[in-house]
Amino acid sequence: ELFCIGKKGYEYFKKRDYKIVKYYQDLWLELNYNQAITLGNDIVSSYVNHQIESVSIIYNYFKNTGSQEVVSNKILPFNFKPDKKTLIADIIYEPSKIALVKSLVPKYFNTQIWQFLLESFASEQAARMLSMENATENAKEMIDELNLEFNKVRQGAITTEMLEIVGGAEALSN
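Just so we're clear, the structure is a prediction, and the values are computed from it rather than from any experiment.

The rules behind the values
The residue numbers shown here count from 1 along each chain, following its written sequence. In keeping with the model being predicted, local features are shown solely for residues with a pLDDT of at least 70 and side-chain atom pairs are shown and tallied solely at 80 or more, while totals for entire chains, interfaces and linings include all residues. Where side-chain values are given, they derive from all heavy atoms of the structure, hydrogens and water being excluded. Salt bridges, as used here, are contacts in which a Lys or Arg side-chain nitrogen is within 4 Å of a carboxyl oxygen on Asp or Glu. A run of H or I in DSSP counts as a helix once it spans at least four residues, and a run of E counts as a strand once it spans at least two, with each numbered from the N terminus. Joining through side-chain atoms within 4.5 Å is the link that ties buried Ala, Val, Leu, Ile, Met, Phe, Trp, Tyr and Cys residues into a set, and such a set is a nonpolar core. Only protein chains enter the calculation, and the probe is 1.4 Å; a residue is then buried if its accessible area is under 20% of its type maximum, exposed if over 50%, and partly exposed in between. We call two residues in contact when some of their heavy atoms are within 4.5 Å. Two strands are counted as paired when DSSP detects at least two bridges linking them. Lines fitted to the C-alpha atoms define the axes, with helices restricted to the stretch that makes contact. Angles between their N-to-C directions range from 0 to 180 degrees. Any angle that is under 35 degrees is reported as roughly parallel, and any over 145 degrees as roughly antiparallel; angles of 65 to 115 degrees are reported as roughly perpendicular and all others as oblique. A clockwise turn of the near helix away from the far one marks a right-handed crossing, whereas an anticlockwise turn of less than a right angle marks a left-handed crossing. Amino acids are sorted into nonpolar (Ala, Val, Leu, Ile, Met, Phe, Trp, Tyr, Cys and Pro), charged (Asp, Glu, Lys and Arg) and polar (every other residue, Gly among them). Here a helix's expected span is defined as the number of its residues, less one, multiplied by 1.5 Å. A residue's bend is the angle separating two fitted axes: one through the seven residues that end there, the other through the seven that start there.

Trainee: So what exactly am I meant to see when it comes to the pattern of salt bridges here?
Mentor: Side-chain pairs of opposite charge can arise whenever the charged atoms involved come near each other. According to the stated counting rule, one finds 4 salt bridges in the structure shown. Measuring nitrogen to oxygen at the nearest pair gives 2.6 Å for the salt bridge that ties Arg128 to Glu124. You can see Arg128 and its partner Glu124 sitting in helix 3 (residues 97-173), 4 residues apart, about one turn around the helix.

Trainee: Could you clarify how one ought to interpret the nonpolar core in this entry?
Mentor: Soluble globular proteins tend to bury their nonpolar side chains together. Counting residues in each nonpolar core, the largest one holds 18 residues, and the members touching the most others are Ile43, Val55, Ile57, Ile75, Ile113 and Leu117. Broken down by secondary-structure element, the contributors of at least two residues to this core are helix 2 (33-48), strand 3 (55-64), strand 4 (67-76) and helix 3. Tallying contributions element by element places helix 3 first for this core, with 5 residues.

Trainee: How do you make sense of the side chain of Ser46 when you look at a structure like this?
Mentor: Looking at the element boundaries, Ser46 is found in helix 2. In this structure, Ser46 is in contact with Phe3, Gln51 and Ile52, ignoring residues within four places of it in sequence.

Trainee: Just to check I follow, could you spell out the environment of Trp114 for this structure?
Mentor: Mapped onto the elements of the fold, Trp114 is located in helix 3. On a C-alpha basis, the gap between Trp114 and Gly40 in space is 8.9 Å, while along the polypeptide they are 74 residues apart. When residues no more than four places from it in sequence are discounted, the contact partners of Trp114 are Leu31, Asn32, Tyr33 and Ala36.

Trainee: Just to check I follow, could you spell out the pairing of strand 4 for this structure?
Mentor: Every other side chain in a regular strand lies on the same face of the sheet, so the side chains alternate between the two faces. With 9 bridges connecting them, strand 3 and strand 4 associate as antiparallel partners. Across the sheet, Val55 pairs through a bridge with Leu76, a residue of strand 4. What sits between strand 3 and strand 4 in their antiparallel hairpin is a turn of 2 residues.

Trainee: So what exactly am I meant to see when it comes to unusual backbone geometry here?
Mentor: Most peptide bonds adopt trans geometry, and most residues besides glycine take a negative phi value. Here the residue pair Leu76 and Pro77 is connected by a cis peptide bond, since its omega of 0 degrees sits within 30 degrees of zero. Structurally, the position occupied by Pro77 is in the loop between strand 4 and helix 3. Positioned with a positive phi, Asp17 is a non-glycine residue whose angle comes to about 60 degrees. Structurally, Asp17 can be placed in the loop between helix 1 (7-15) and strand 2 (20-24). For Asp17, a relative accessible area of 70% gives the class exposed. Of note, the phi angle at Asp26 is positive, near 60 degrees, even though the residue is not glycine.

Trainee: When you look at the packing of helix 2 against helix 3 in this model, what are you seeing that I'm missing?
Mentor: Between two packed helices, the angle of one axis relative to the other and the distance separating the axes together describe the packing. Two elements in contact, helix 2 and helix 3, have axes whose closest approach is 8 Å; the angle formed by their N-to-C orientations is 120 degrees. Considered as vectors, helix 2 and helix 3 are oriented oblique to each other. Of the two elements, helix 2 crosses helix 3, and the hand of that crossing is right-handed. Contacts between helix 2 and helix 3 involve Tyr33, Ala36, Ile37, Leu39, Gly40, Asn41, Ile43 and Val44 on the former and, on the latter, Lys107, Phe109, Asn110, Thr111, Ile113, Trp114 and Leu117. For the contact of helix 2 with helix 3, a count of residues per class yields 10 nonpolar, 4 polar and 1 charged.

Trainee: Whenever I open this one, helix 3 confuses me. Can you help?
Mentor: Residues spaced three or four apart along an α-helix face the same direction, because each turn holds 3.6 residues. For helix 3, spanning 77 residues, the distance from its first C-alpha to its last is 112 Å, which sits close to the expected 114 Å at 1.5 Å a residue. In the structure, helix 3 departs most strongly from a straight axis at Leu104, where the bend amounts to approximately 25 degrees and where the proline Pro106 lies between one and four residues downstream. Looking at helix 3, one finds that the buried residues are Phe109, Asn110, Gln112, Ile113, Trp114, Phe116, Leu117, Glu119, Ser120, Ser123 and Ala126.

Listed below in structure tokens is the structure:
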């Protein structure tokens, strides 16, 4: 079951008959944290209602302007089991451990969703910028080639005109 963000992913999975639970259209137009909260609430609601067993997010990780990477992160269920290296027997939680988890987990989850959205948005913008730079460079090369071709044709026309003038002058002198 999929929660699709954006038209491309939706169209891709729709054509292949995947079950799309929700489609978030035009999310990128005015991207803000409240949209991440809405998305997070929809996912958590499906998880809490046992409609889904786990949640993995697939997104574009922004490495740098020229490089993005598709990444998959499993974000639900959370693993609350401590490492064997960590000794937590003497920790006292105030408020209780359950109250802390209930308070912090939704904030953490929504922040994770927000990070994934920002990474994907930055990756898309970088890809667009790179495409525009490549298009500009290709246009400059094409202009240079066309200028060279134009100059060759113009030089050929000038040479032909001069030959006609010289030929005409020779004809008059005979």
